[in-house]
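Residues per chain are reported as follows:
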Amino acid sequence: MNFLTAIIGHIGGTLLLLVDTLKHLPTLPRQRARFIEQCYLIGYTSLPIVTILSFFIGSVLALQSGYSMENFGAKQFIGTLVGLTMARELGPVMVAILIAGRVGSAITAELASMKVYQEIDALTTMNIPPERMLVLPRLAAIIVMMPVLAIIANLCGWYGGALVSQYTATIAVDSEAYFSALKAYMKPKDIMDGLVKAEVFGFVIILVCCYIGLNTRGGPREIGASVTKAVVTSLILILVLDYFVTKALLFS
Amino acid sequence: MSSSFTASPFVGKTFGVTVAHLTKTFGRTTVLKDVSLEVRPGEIFCIMGPSGSGKTVILKHMAGLETATSGEVKIGEFDAADPETRNKVHLALVFQAGALFNSLSVYDNLALYPREHRLCNEAGIRDRVMHALSILSLEKAAHKFPSDLSGGMKKRVAIARALVMEPQLLLYDEPTSELDPVMSATLTEIIATLREQTAVTSVVVTHDRDLAFAIADRIAFVMDGRIRGVGTPAEFKSPADPVIANFLNPVIDLKNPRFQQLENSHE
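Participant: Help me out: how do you make sense of the interface of chain A and chain B in this one?
Facilitator: Many analyses report the size of an interface as the accessible area lost when the parts associate. Contact with chain A, which involves 16 residues of that partner, is made by 21 residues of chain B. Together, the buried faces of chain A and chain B total about 1700 Å²; carbon and sulfur atoms form 56% of this surface. Considering only the side of chain A, the residues that lose the most area to chain B are A:Thr125, A:Met126 and A:Asn127, jointly responsible for 36% of the buried surface there. Here chain A and chain B share 2 salt bridges between them. For B:Glu116, the salt bridge is made with A:Arg34, and the minimal N-O distance between the two is 2.5 Å. Along the contact surface separating chain A from chain B lie 8 residue pairs in polar contact (both at pLDDT 80 or more). Going through the elements one at a time, helix H5 (119-125) and helix H6 (130-167) of chain A are the ones with two or more residues in the side of chain A that touches chain B. Broken down by element, the side of chain A that touches chain B gets its largest block of residues, 6 residues, from H5(A). Among the residues making up the side of chain A that touches chain B, the classes are represented as 7 nonpolar, 4 polar and 5 charged.

Below is the structure:
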C-alpha cells in the first residue's frame, strides 16, 4: 500500500513539475542560450554513439533476417523488414534508451548535486524558479532533438542493413533491391509513428530525470542513488510506454 | 577589504521578522517546538545554540525554504512561506557552504539575479556586479570558478551575490564556520559594516561567540528546538542560565570528559 501511495505521489509530483514548467513557457525565447546549450548536450554530443549503434543494429537486423528469410525465399524483403523495424520500433526505442543512459543520468546527477549542495535553495531564495531555468530549456531541447536523433538512427540503421545485405555472401541482396523493397512497403506514417514515439519517450525521460534530480534528499551518496533510480525508471517507462503508444498509433 | 565601502542604497525599506509559535516536524522528529521571537527592522539578530538545536531550520523558515507544521513566520506583514513574498521583499540568504553555482564563474554567479529579473542591461549588470565584488575585494576573482576558491573566498562571494540582490533582509547561515580566526573576524566586520552602511536587517545563525558578542544587537539562544533565552550581548556575557553559560564558556575538563555525557544531554 505504501509502495502504491509512493508511486501515485511521484506521478503527481512529476505532473506538477510539468505544470509548473509550462507556466514559464513564455520565457523560453529569452533563454535561447540555455536552450541551444541543451540542444548541443542532448543532441550533438549523442550523435556519435547514436550513429554507431544504429548502424550496427541495422546490420545485425539484416544478418538475422537474411539468415531466417532465406528459408522462405523472402530475401528480397530484407529492406522492408529492416526499414520498418528501424523506423517503427528500434530507432526510437534505441535512441530513447541511449538518451536515458547518457543524458538522463547526467541531468539527474547535475540537478541532484545542485539540490544536495543547496544551489536549488539558493535559486529559490533569489526568486528564480528552478523549473524555469533548469527544466524548461531541457524539455524544449529534447522536443527538438529527439526526432532529429531518431531520423539519423533510422538512416544509419538502413544503410547498415544495406551494406550487410550487399556484402554478405549468403544474403547477397544488392542495395538497389534493398532500398526498393524498403520504399515499396513503407508509408510516411511508419516514419511519423516512430518520430511520435521518440518524442514521447524523450519528453518523459527528461521530465522524470528532472523530477528525480530536483527531489533528491540527503547527502552526496543520494546523488548516485537518484541517478540509478532515474535511469531504471526511464528504462521501465520507455518499454511500458512503447506498448501503449504503439497500440494507440497502430489502431488510431 | 576595499576602503570604498559604499554598497548601493538598498530599496528603501528594511523588514523585521516575526516568528510566532513555530513548530516543525520532520517525520517523527519535532525539530522546532513552539518557537516565538521577533527580529526588529535594521538590527543584527544572532541565533546561537548547539549543533542540531534547530537554528538553521528557523532561518530556512524565514527564507521560505521550509513550511511550518504549525505557527507562522512573517517578514514585515508578509507570510514568509508564501512564494509571492519573494516578489515583495528582497531577501537574501548566505548559505553555510556558499551554495555558489559551480557551473558558473564568480561573475556569472553574481550576474544571475539581475539577468534573470531583467533589472538592467549588460553594462548595468556589469557595474552592479563589479561594485559588489569591489565591496568585498573580490575583483580579481571575477572570472574564477567556485571550485578554484578557498572557503573564505566562497563565503565572501556568497555575500557579494547577496549584495547584488540589494536585500531588505539578509540571512546568514554560519558565516564564519570552517574559517580561520582572521577570516572569521573579517567576515564579522563585513556583516557589521553592511548593516551600518545599509541598515539592512540581518539575522545570523552562528556558533561563533566572538561574532555574536561583537556585532549582535540581540541574541537568541536555541536549545533542543526551543528558545532558551533572548537578550543583548551584555546580558549573554554573564548569563544566569547555566546551560547557556556552559555553551558560551565551556571549560575543558579532561578528568570528567563531556563527550561521555553527550548521550544524555539531549531530549
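Participant: Is there a simple way to explain the pairing of strand E4 (residues 70-75) of chain B in this structure?
Facilitator: Within a regular beta strand, the side chains point alternately toward one face of the sheet and then the other, so they alternate between its two faces. All names here are of chain B. Here strand E1 (residues 17-26) runs beside E4; their pairing, made up of 5 bridges, is antiparallel. The residue of E4 that forms the bridge with Ala 20 is Glu 72. In this sheet, strand E5 (residues 78-79) lies alongside E4 in antiparallel orientation, the contact comprising 2 bridges. Bridge pairing in E5 places Lys 74 opposite Asp 79. Hairpin connection from E4 to E5: 2 residues lie between these consecutive antiparallel strands, with Gly 76 at a positive phi of about 60°.

Participant: Just to check I follow, could you spell out the packing of helix H4 (residues 122-135) of chain B against helix H5 (residues 151-164) of chain B for this structure?
Facilitator: Residues and elements named next belong to chain B. Between H4 and H5, the shortest axis-to-axis distance is 9 Å and the interhelical angle comes to 135°. Considering the angle they form, H4 stands oblique to H5. Crossing angle aside, the handedness with which H4 passes H5 is right-handed. The segment H4 lies against H5, with Arg 128, Val 129, Ala 132, Leu 133 and Ile 135 engaging Ala 160, Leu 163 and Val 164.

Here is what the cut-offs are and how they apply
- Residues numbered from 1 in each chain as written.
- Chains lettered and ligands numbered in written order.
- Predicted model: local features only at pLDDT ≥ 70, side-chain atom pairs only at ≥ 80, totals over all residues.
- Heavy atoms only, no water.
- Contact = heavy atoms within 4.5 Å.
- Buried area = accessible area lost by both parts, 1.4 Å probe.
- Salt bridge = Lys/Arg side-chain N within 4 Å of Asp/Glu carboxyl O.
- Polar contact = N/O pair within 3.5 Å; in protein donor to acceptor, adjacent residues only side chain to side chain.
- Helix = DSSP H or I, 4+ residues; strand = E, 2+ residues; numbered from the N terminus.
- Nonpolar A, V, L, I, M, F, W, Y, C, P; charged D, E, K, R; others polar.
- Pairing = 2+ DSSP bridges.
- Axes fitted to C-alpha atoms, helices over the stretch in contact; angles between N-to-C directions.
- Parallel < 35°, antiparallel > 145°, perpendicular 65-115°, else oblique.
- Left-handed = near helix turned anticlockwise from the far one by under 90°.

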